[in-house]
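Fold and contact review
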Amino acid sequence: GHQGLASTISGLGIARADVSVKFVSAVENTPRNYLLNYLFPVCQMQELKEWASPIAEARVEYDLMPMYADSILFSISGYSHRLMTTLKDLVIDKENKRRLDECHISEDLFLKIRAKVKKDILNKQEDAAYQALAEEWAYFSTDRAIHWKEYLPLVDKVTLEEVQKFGAAFFKRTAITVLA
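Residues numbered from 1 in each chain as written. Predicted model: local features only at pLDDT ≥ 70, side-chain atom pairs only at ≥ 80, totals over all residues. Heavy atoms only, no water.

Turning our attention to the nonpolar core. In terms of nonpolar packing, the biggest core is built from 46 residues, with Phe 74 and Tyr 151 touching the most fellow members. When near neighbours in sequence (up to four residues on either side) are disregarded, Phe 74 contacts Val 19, Ser 20, Val 21, Phe 23, Tyr 62, Asp 63, Leu 64, Leu 87, Leu 90, Val 91 and Leu 100. (Core = buried A, V, L, I, M, F, W, Y, C linked by side-chain atoms within 4.5 Å. Buried < 20%, exposed > 50% of the residue type's maximum accessible area, 1.4 Å probe, protein only. Contact = heavy atoms within 4.5 Å.)

This paragraph deals with the side chain of Asp 101. You can see Asp 101 is positioned in the loop between strand 6 (98–99) and helix 4 (107–122). When its relative accessible area of 15% is taken as the criterion, Asp 101 is described as buried. The residues contacting Asp 101, other than those within four sequence positions of it, are Phe 40, Gln 44, Gly 167, Ala 168 and Phe 171. (Helix = DSSP H or I, 4+ residues; strand = E, 2+ residues; numbered from the N terminus.)

In total, this model carries six aromatic pairs according to the counting rule given. Here the aromatic rings of Phe 23 and Phe 171 are separated by 5.2 Å at their centres, their planes lie at 75°, and the arrangement is edge-to-face. On the criterion of sequence distance, the pair formed by Phe 23 in strand 2 (residues 14–25) and Phe 171 in helix 7 (residues 160–172) is long-range, its members being 148 residues apart. One aromatic cluster in this structure is built from Phe 23, Phe 40, Phe 166, Phe 170 and Phe 171. (Phe/Tyr/Trp six-rings, centres within 6.5 Å; stacked < 30°, edge-to-face > 60°.)

Our next topic: the pattern of salt bridges. All chains considered together, the criterion is met by six salt bridges. Among the salt bridges present, the one from Arg 144 reaches Asp 70, with a minimum N-O distance of 2.3 Å. With Arg 144 in the loop between helix 5 (129–141) and helix 6 (148–151) and Asp 70 in the loop between strand 3 (61–67) and strand 4 (71–79), this pair connects stretches of sequence that are 74 residues apart. Given a relative accessible area of 12%, Asp 70 falls into the buried group. (Salt bridge = Lys/Arg side-chain N within 4 Å of Asp/Glu carboxyl O.)

The volume enclosed by the largest pocket comes to roughly 370 Å³. Lining of the largest pocket is provided by 16 residues; of these, Tyr 34, Pro 66, Met 67, Tyr 68 and Glu 135 occupy positions nearest its centre. By residue number, the principal contributor to the lining of the largest pocket is helix 5, which donates four residues. Among the residues forming the lining of the largest pocket, the class breakdown is 13 nonpolar, one polar and two charged. As a volume, the second largest pocket reaches approximately 150 Å³. Looking at the second largest pocket, the residues that line it are Tyr 38, Pro 41, Val 42, Met 45, Gln 46, Asp 63, Leu 64, Pro 66, Ile 113, Lys 116, Val 117 and Asp 120. (1 Å grid on protein atoms, 1.4 Å probe; cavity = no way out; pocket = protein on both sides within 12 Å on 5 of 7 lines; lining within 4 Å. Points joined across faces, edges and corners; volume = space filled by probe spheres on them. Nonpolar A, V, L, I, M, F, W, Y, C, P; charged D, E, K, R; others polar.)

Bringing helix 7 into the picture now. Taking 1.5 Å of rise per residue, 13 residues should cover 18 Å, and helix 7 covers 19 Å from first to last C-alpha, within 8% of that figure. Three or more residues of helix 7 are buried, namely Leu 160, Val 163, Phe 166, Gly 167, Phe 170 and Phe 171. Down the axis of helix 7, the buried set is contained in an arc of 115°. They therefore lie on one face. Seen from the open side of helix 7, the exposed residues pointing more than 90 degrees away from its buried face are Lys 165 and Lys 172. (Expected span 1.5 Å × (residues − 1). Arc of directions from axis to C-beta.)

The structure is reproduced here in structure tokens:
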């Protein structure tokens, strides 16, 4: 079986584990791609919530988080004996013919997601000082970071079709790092 970072649920003796998979793509690190990579995982999480409800019932937690324009971190935690199977099912669900690189949400839902993402970006201006400092520090500490002011003007112009095409392009040439 898979070991990972295991802990035990207090009193029950049931092992839990955490696994993170980092997908690193060959897409260019531009403000537009950064925005598309910001939107793609949010859209995918909405889709995963719909078709992965049995996984949630099994007390498995998962999250997709963009990292720069060219990487996405997929984290999953749950009971260790089912974790790798569950991870595989979340990435490629052969039974239901769903894949992580394909996003199938409605246009209406996408517009709601895009509006929320824009609101979240605009709210960065209202962050507490320590949060704003941490955010700004990222732009000074690496040349890969893209400031939110660079992609904010693009938010209203991005379409669901562009996000879907980005997902396919992102996963076309991807390296995978597993952190267990």
